Amino acid sequence: MTHARRWTLAAAALAALVAAAWLALWAWLPDDEALARRVEAEFETRMGQPLNVGTVSWRLWGVPMVEVRDAHTVQPEPIRVRRMALYPQLLPLLRGRLVIDRLEVDGAWVPRNALAAYRGRGQGEGKQVQVRAVAFTDATYVSYSGIPVAYDGEIRWDEDRLPARVQLTRPGAAAEASLEATRDGRTDTGAERYQLRLQAGGGSALGQARLSISGDGRMVLTGEFEPRDVEIHALLATFHRRSPVGGRASGQTELRAEGDTLQQLFRSLHTRSVLQVERARLLRFDLDKAVKSLGQERAGETPLESLRGVVDTQNTARGLKTDFTEVKAVSGIYTATGQATLYRQQIEAQGVLALAGGVVDVPFAASGPTRAPDVKLAWGSVAGAVAGTAVLPGIGTVIGAKIGGALSGPPQPDKAQPAGERVRR
């Protein structure tokens, strides 16, 4: 037998072997309907919640891919996915591991209330499943109060399973809103360093974050960035929220979070910002009109000559809580100082309104839904100031204000039911 003939026979045998292996594999793999049912059963076993899948299709030739369409969990507020495509590696499957080069998700609907059912589930699968990249489009997250916000983005992981790059955008927003975090080596203390870039509300912010991991796997995230010329009203409108104030904010922000998983990091995120707002204005409330009418008229806006304060945000189990402290606002003859809390679309605020350069101090408070809070001032103080001025200018104003204030007393926010318990966020 010639050498060429031996090669021909060997090639024919190899082709026959591949064909036989492929036929065996084809016979072993389930059809699309059976695979859909298998996906449903596997999901319920691992995650503890039933799943309905519309269709599942797959291919092995070229780039292996499994595609799931029209899936939703069986819950009071179900999680829905229009399309999900997985691109796995075949060789790791032979060793009992699932390595997904890329996971694509399109048209997801994720209510926050539905996520509680999955906490602590599927965590033991981390060693068997590795995802190297996730890309999502039209992924809608529904907040505690039922406000839906859609996102596009992509997350890539390095071989050590730490994020290499995170990109997040708000499609359809009036002004560009995006976040980009890129892994950039390590600090002198061994922490992973990330460069941060944010665009929102017509402004931007650059900064740096550091991720430290202890021997037992505990992660601590710290960082800082500097927002510049961020329009507050536009920023909140990007996420379908209503802002009580407008203007362009600049300052310094620090962040901190810690947890054993990336999900815990997100849930514990706390930020602290020291901000100065230029061209500030108080929306939906005309302070001058309210004072002159003793509260009878208040519709409109109040331009502010200056506004500054400290803003703390904290993720909680029931949504984002925002505290404003050391707030000082100046508008003409009025200067207001105080503090406020926004939580689950409710506001609680109190402070002092100084008139005429601090000659008259008027306590105030605000409480209720952010779209239409109940604003209370010690109108007796205002009326007393007006009466005192009419009787005895100068000293009479102070005496009249003190009498008026004593008669009416400083208003207090309604403490019968905390803001966080009235409206869900």
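Calculation notes
Residues numbered from 1 in each chain as written. Predicted model: local features only at pLDDT ≥ 70, side-chain atom pairs only at ≥ 80, totals over all residues. Heavy atoms only, no water. Helix = DSSP H or I, 4+ residues; strand = E, 2+ residues; numbered from the N terminus. Buried < 20%, exposed > 50% of the residue type's maximum accessible area, 1.4 Å probe, protein only. Areas by Shrake-Rupley, 256 points an atom, 1.4 Å probe, with all protein chains shown as cover. Contact = heavy atoms within 4.5 Å. Expected span 1.5 Å × (residues − 1). Arc of directions from axis to C-beta. Phe/Tyr/Trp six-rings, centres within 6.5 Å; stacked < 30°, edge-to-face > 60°. Lys NZ or Arg CZ within 6 Å of the ring centre and 35° of its normal. Core = buried A, V, L, I, M, F, W, Y, C linked by side-chain atoms within 4.5 Å. Salt bridge = Lys/Arg side-chain N within 4 Å of Asp/Glu carboxyl O. Polar contact = N/O pair within 3.5 Å; in protein donor to acceptor, adjacent residues only side chain to side chain. Pairing = 2+ DSSP bridges.

Novice: Help me get a handle on the overall build of the chain, residues and values and all.
Specialist: Summing up its helical and strand segments, the chain has nine helices and 22 strands in all. Of all 425 residues assigned to the chain, the portion counted as buried reaches 37%. With the model as given, the accessible surface of the chain reaches about 23,500 Å², and the carbon-plus-sulfur share is 59%.

Novice: Provide a residue-level description of the environment of L115, including the pertinent values.
Specialist: Within the secondary structure layout, L115 lies in helix α4 (residues 112-115). On a C-alpha basis, the gap between L115 and E77 in space is 9.6 Å, while along the polypeptide they are 38 residues apart. Leave out the neighbours within four places in its chain, and L115 touches I79, V110 and Y141.

Novice: So what about helix α2 (residues 32-47)? Which residues, and what values?
Specialist: End to end, α2 covers 22 Å across 16 residues, agreeing with the expected 22 Å (1.5 Å per residue, within 8%). Those residues of α2 not exposed but buried are L35, A36 and E40. All buried residues of α2 project into a common sector of 145 degrees when viewed along the axis, lining one side. Contacts from the buried residues of α2 go to β1 (51-59).

Novice: Lay out the packing of aromatic side chains with the relevant residues and their values.
Specialist: Applying the stated criterion to the full structure yields one aromatic pair. Taking the ring centre of Y343 as reference, the NZ or CZ of R344 above it sits at 5.8 Å.

Novice: Provide a residue-level description of the nonpolar core, including the pertinent values.
Specialist: Grouped together as the largest cluster of nonpolar side chains are 18 residues, with contacts concentrated most on L287, V291, Y334, L353, L355, V362 and L377. Among the secondary structure elements, those contributing two or more residues to this core are α7 (287-292), β19 (334-343), β20 (346-355), β21 (360-369) and β22 (374-377). Y194, L196, L211 and F225 belong to the second-largest nonpolar core, a separate cluster that totals twelve residues.

Novice: Describe the pattern of salt bridges, listing the residues and the values that go with them.
Specialist: When the charged atoms of two side chains lie near each other, side chains of opposite charge can form a pair. On inspection of all chains with the given rule, the structure shows 26 salt bridges. Put simply, E104 and R83 hold a salt bridge, and the shortest N to O gap is 3.5 Å. Remark: R83 occurs in strand β3 (residues 80-88) and E104 occurs in strand β4 (residues 98-111); sequence separation between them is 21 residues. Judged by its relative accessible area of 17%, R83 falls in the buried class. Salt-bridge contacts for E192 lead to R186; the nearest nitrogen and oxygen are separated by 2.8 Å.

Novice: Mind laying out the side chain of T73, listing which residues take part and the relevant values?
Specialist: Relative to the helices and strands, T73 resides in strand β2 (residues 65-73). At 2.8 Å, the side chain of T73 and the side chain of Q75 are in polar contact. One polar contact links the side chain of T73 to the main-chain amide nitrogen of I79, over a distance of 2.9 Å. Setting aside its immediate chain neighbours within four residues, T73 contacts F43, P50, L51, P78, I79 and Y118.

Novice: Could you give an account of the environment of Y118, with specific residues and numbers?
Specialist: With respect to the helices and strands, the residue Y118 is situated in the loop between α4 and β5 (129-131). On a C-alpha basis, the gap between Y118 and M47 in space is 6.3 Å, while along the polypeptide they are 71 residues apart. In this structure, Y118 is in contact with F43, M47, Q49, T73, Q75 and I79, ignoring residues within four places of it in sequence.

Novice: So what's going on with the pairing of strand β9 (residues 178-186)? Which residues, and what values?
Specialist: Of the strand pairs in this sheet, strand β8 (residues 163-169) and β9 are connected by five bridges, and their pairing is antiparallel. Paired with T169 across the two strands is S178, which belongs to β9. Here β9 runs beside strand β10 (residues 192-200); their pairing, made up of seven bridges, is antiparallel. The partner of T182 across the bridge, within β10, is Q195. Hairpin remark: β9 followed by β10, antiparallel, with five residues in the connecting loop; positive phi at G190, about 95 degrees.

Novice: Give me the lowdown on the side chain of Q75, citing residues and values where you can.
Specialist: Structurally, Q75 is set in the loop between β2 and β3. Q75 sits in the buried class, given a relative accessible area of 16%. Looking at Q75, its side chain comes within polar contact range of the main-chain oxygen of A114, at 3.2 Å. Residues within four places of Q75 in sequence aside, it is in contact with Q49, A114, A117 and Y118.

Novice: Residue-level account of the environment of T187, with values.
Specialist: Secondary-structure assignment places T187 in the loop between β9 and β10. Exposure remark for T187: the relative accessible area of 17% places this residue in the buried category. A sequence separation of 24 residues divides T187 from L211, and the C-alpha atoms of the two residues are 9.6 Å apart. Once you skip the residues sitting within four places of it in the chain, T187 turns out to touch R193 and R210.

Novice: I'd like to hear about the pairing of β8, residue by residue, with values.
Specialist: Relative to β8, strand β7 (residues 148-157) runs antiparallel, the two being bridged by six bridges. Directly across from G153, in β8, lies its bridge partner L168. Here β7 folds back onto β8 in antiparallel fashion, the turn holding five residues, of which R161 has a positive phi close to 70 degrees.

Novice: Summarise unusual backbone geometry; cite the residues concerned and give the values.
Specialist: Even without a glycine there, the phi angle at D138 is positive, about 50 degrees. The topology assignment puts D138 in strand β6 (residues 133-142).

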